[in-house]
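Commentary on secondary and tertiary structure
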Amino acid sequence: MIDSSAKAAAPKVVLITGASSGIGEATARRLAAAGHHVVLGARRADRLHALAKEIETRAGDAFALDLDVTDPGSVRSFVAAAHERYGRVDVLVNNAGVMPLSRLDALRVDEWDRMIDVNLRGVLHGIAAVLPIMGAQREGHIVNISSVSGLRVDPTAAVYSATKYAVRALSEGLRQESRDLRVTVISPGLTRSELTESIGDRGVKGAVEGQMGIAIPATAIGDAILYAISQPAEVDVNELVVRPTAQG
Ligand code: NDP
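In this report, we go over the structure that sits alongside the text. (Residues numbered from 1 in each chain as written. Predicted model: local features only at pLDDT ≥ 70, side-chain atom pairs only at ≥ 80, totals over all residues. Heavy atoms only, no water.)

1. Observations regarding the site of the ligand
Note the threshold: In this text, near means that some heavy atom of the residue lies within 4 Å of the molecule or strand in question. Two N or O atoms count as a polar contact when they lie within 3.5 Å, although within protein this holds only if one can serve as hydrogen donor and the other as acceptor, and sequence-adjacent residues are included solely when both atoms are side-chain atoms. To qualify as a helix, a DSSP run of H or I must reach at least 4 residues; to qualify as a strand, a run of E must reach at least 2; elements of each kind are numbered from the N terminus. Residues were grouped as follows: Ala, Val, Leu, Ile, Met, Phe, Trp, Tyr, Cys and Pro as nonpolar; Asp, Glu, Lys and Arg as charged; and all remaining residues, including Gly, as polar.
Contacts to the ligand come from 29 residues, most closely from Ile-23, Arg-43, Arg-44, Tyr-160 and Ser-193. Taking Lys-164, its side chain carries an N or O atom lying 2.9 Å from an oxygen atom of the ligand. At the level of secondary structure, the elements contributing two or more residues to the shell around the ligand comprise α1 (22-33) and α5 (158-177). The class makeup of the residues in the shell around the ligand is 12 nonpolar, 12 polar and five charged.

2. Observations concerning the packing of α1 against helix α7 (residues 219-229)
What counts is decided by this rule: Fitting a line to C-alpha atoms yields each axis, with helices limited to the stretch in contact; the angle taken between N-to-C directions then spans 0 to 180 degrees. An angle below 35 degrees is read as roughly parallel, one above 145 as roughly antiparallel, one from 65 to 115 as roughly perpendicular, and any other as oblique. What makes a crossing left-handed is the near helix being turned counterclockwise from the far one by less than a right angle; a clockwise turn instead makes it right-handed. Only heavy atoms enter the contact rule, under which two residues are in contact if any of them lie within 4.5 Å.
It is at 8 Å that the axes of α1 and α7 come closest, and there the two elements cross at 50°. One way to sum up the angle between α1 and α7 is to call them oblique. Here the hand of the crossing between α1 and α7 comes out right-handed. In contact with Ile-23, Ala-26, Thr-27, Arg-30 and Leu-31 of α1, α7 contributes Thr-219, Ile-221, Gly-222, Asp-223, Ile-225, Leu-226 and Ile-229. Looking at the contact of α1 with α7 residue by residue, the class counts come to seven nonpolar, three polar and two charged.

3. Observations concerning the pairing of strand β2 (residues 37-42)
Just so we agree on the cut-off: For each residue, the accessible area found with a 1.4 Å probe, counting protein chains only, is set against the maximum for its type, and the residue is called buried under 20%, exposed over 50%, and partly exposed in between. DSSP calls a pair of strands paired once it identifies at least 2 bridges connecting them. A right-handed crossover is one whose linking path, passing over the helix from the first strand to the second, runs clockwise when the strands point away from the viewer.
For β2, a buried count of six out of six residues is recorded, marking the element as mostly surrounded by other parts of the structure. Residue alternation in β2 divides its side chains into two sets, His-37, Val-39 and Gly-41 and Val-38, Leu-40 and Ala-42, and both sets are buried. Pairing of strand β1 (residues 13-17) with β2, which is carried by five bridges, proceeds in the parallel orientation. Opposite Val-13, over in β2, you have His-37 as the bridge partner. Crossover β1 to β2 through α1 is right-handed. Bridging between β2 and strand β3 (residues 61-66) involves six bridges; their strand directions are parallel. Of the residues in β3, the one forming a bridge with Val-38 is Ala-62.

4. Thoughts on the packing of α1 against helix α2 (residues 45-57)
The interhelical angle for the contact between α1 and α2, taken along N-to-C directions, is 20°, at an axis separation of 10 Å. Classified by the angle their axes make, α1 and α2 are roughly parallel. The handedness of the crossing between α1 and α2 comes out as right-handed. Together, Glu-25, Ala-28, Arg-29 and Ala-32 of α1 and Leu-51, Glu-54 and Ile-55 of α2 make up the contact between the two elements. Residue composition of the contact of α1 with α2, grouped by class: four nonpolar, no polar and three charged.

5. Quick look at the pattern of salt bridges
Side chains that differ in charge, positive against negative, can pair when their charged atoms come close. For the record, the criterion: We define a salt bridge as a contact between a side-chain nitrogen of Lys or Arg and a carboxyl oxygen of Asp or Glu at a distance within 4 Å.
This model, assessed by the stated rule, comprises 17 salt bridges. A salt bridge links Asp-105 to Arg-103; its shortest N-O distance comes to 2.7 Å. The class of Arg-103 is partly exposed, set by a relative accessible area of 48%. Between Arg-121 and Asp-117 there is a salt bridge, with its nearest N and O atoms 2.7 Å apart.

By themselves, these are just geometric observations and shouldn't be taken as functional.
If you want it as structure tokens, here you go:
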């Protein structure tokens with residue numbers, strides 16, 4: 001159960017998918033430093049355990065668990081283990097994502113499917129796993145990571161954008177259906193992380209990496225998430241767009 005000596009005025013149990021690198025990893029550090037209990041999920045367990053250890057050496061509390069968001073059973077187990085350990089689930093950050101960009105006429109259909117499975121189905125699996133718990137608690141907060149690609153479409157990003165538009169649509173539907181849940185969409189612009197490693201099309205990868213010089217640190221997104229979850233219970237921050245000043 002929760003240790004009441006934690007640093008934050010109201011420490012929360014925060015589950016973060018995709019916590020093994022980039023935005024998820026930075027968010028875990030930020031939230032743990034603020035005194036929240038962070039539950040870290042991703043497939044690279046070695047990375048997660050190293051991060052949990054690092055957080056604990058700084059007097060934070062972290063719990064690392066294997067997670068594949070494409071598998072609804074894995075997501076249910078992740079949420080159940082967190083619930084069993086802490087007795088509640090306050091926040092789910094649906095952050096795990098992949099971005100194998102390519103033109104549609106390149107027909108990289110397996111990559112389209114992977115984006116739909118991770119970026120869209122993964123978010124739905126997370127929502128399905130926490131809704132019964134948050135419903136019983138009569139409170140909870142779901143933070144979904146979309147993208148500026150959820151607000152505009154560019155060549156090579158058609159399928160990625162489709163998944164990120166969908167995340168915004170289902171977040172808005174979820175928000176409208178509930179009077180107890182808070183729902184926040186965070187839409188980052190270019191952010192330093194490992195995301196471009198998922199781009200299989202070499203030409204596109206080079207072009208995207210060429211734009212990353214202006215990218216902001218992943219901590220900027222962690223700060224936005226911390227802001228959203230730190231508001232009073234009756235205040236729901238619905239949407240935040242956080243991008244480099246220099247990004248058009
Ligand atoms: P990273 O590649 O650094 O992080 C992606 C994370 O997702 C990793 O921890 C990875 O962990 C995890 N992940 C991927 N597939 C799965 C899976 N099947 N199950 C569980 N976890 C998975 O990129 P970012 O930090 O940039 O990405 C985080 C989110 O931010 C994504 O949703 C992305 O679309 C979004 N975003 C990023 C932007 C940017 O410029 N960086 C801009 C806009 C949005 P593992 O491989 O260990 O499973």
